[in-house]
Structure formats: structure tokens, C-alpha cells
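Each chain, letter by letter, is given below.
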Amino acid sequence: QNRIHSQISSSCTVSKNMKQQHYKGLTPQNLALSDPESEIAPILSSILFGNTKARQIVQASQDLLNKFQGEVPESIASLREITGIGPKLAEILNVANRRKLYGV
């Protein structure tokens, strides 16, 4: 029960911090140019390994721009080329993308 409360509390804090940073726009272009330590990490301060995740978000945004012209790729193999995306997340993103294509 404490673990669930901790996760909900962290989610609320991240959501509040995201709203504060939203003025820049959460696009791959803006995130790729962001400083992970001063601009992204504070948003993730309540999350375990927030600094590491902040660096991965910036790197993933740079990967999207450099390898895929800012578009999220559709194939699982291409998704896995993005920093921080492993097999599970690649599969989830692939399924979500197919559902969107078919209007499900």
C-alpha cells in the first residue's frame, strides 16, 4: 500500500512539474536542445534515477531527430534504436501505433 501511494505521489509531482515546463513545448526539437541536468531533471526529481532518465530523454529526442527526422518510427527494430527503448516498450509503442492507424 505504501508503494502504491509513493507511485501516485510521484506521478502527481511529475505532472505538476511538467505543467511548469510545458511553456517550451514537449517536442523532440525542444527536448533535444534541453539541458538534462537543469531543465529536465527537476521535472523528474521525484522519480528514482531521475537524472539518468533526464539524460535518456534528451538523447532519445536527439535520436528521433538524427535517425528518423523527428518522427516516431513504426517498426519494432527502428524503435529499439532509440535510446532508452527496450523490447517491451518497443512492442507497446508498436501496438499503440497500429491501433491508432486502424482507429481502435
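Reading guide: rules and limits
Residues numbered from 1 in each chain as written. Predicted model: local features only at pLDDT ≥ 70, side-chain atom pairs only at ≥ 80, totals over all residues. Heavy atoms only, no water. Helix = DSSP H or I, 4+ residues; strand = E, 2+ residues; numbered from the N terminus. Buried < 20%, exposed > 50% of the residue type's maximum accessible area, 1.4 Å probe, protein only. Areas by Shrake-Rupley, 256 points an atom, 1.4 Å probe, with all protein chains shown as cover. 1 Å grid on protein atoms, 1.4 Å probe; cavity = no way out; pocket = protein on both sides within 12 Å on 5 of 7 lines; lining within 4 Å. Points joined across faces, edges and corners; volume = space filled by probe spheres on them. Patch = residues over 30% accessible without salt bridge, like charges linked within 9 Å, V, L, I, M, F, W, Y side chains within 5 Å. Salt bridge = Lys/Arg side-chain N within 4 Å of Asp/Glu carboxyl O.

Draft legend 1. View of the overall build of the protein. Within the protein, the regular secondary structure consists of 6 helices and 0 strands. Order of helices (α) and strands (β) in the protein, N terminus to C terminus: α-α-α-α-α-α. A burial count over the protein gives 27% of its 104 residues as buried. For the protein, the computed accessible surface area is about 7,300 Å², with 56% contributed by carbon and sulfur atoms.

Draft legend 2. Quick peek at the layout of surface pockets. Taken as a whole, the largest pocket holds about 300 Å³ of empty space. Leu-31, Ile-57, Ala-60, Ser-61 and Leu-64 are the residues nearest the centre of the largest pocket, which is lined by 17 residues in total. Secondary structure elements with two or more residues in the lining of the largest pocket: α2 (28-32), α4 (50-68) and α6 (87-101).

Draft legend 3. Examining a nonpolar patch on the surface more closely. Residues Leu-89, Ile-92 and Leu-93 make up a contiguous nonpolar surface patch of about 250 Å² in total accessible area. Within the secondary structure layout, Ile-92 lies in helix α6. Here Ile-92 falls in the exposed class, since its relative accessible area comes to 55%.

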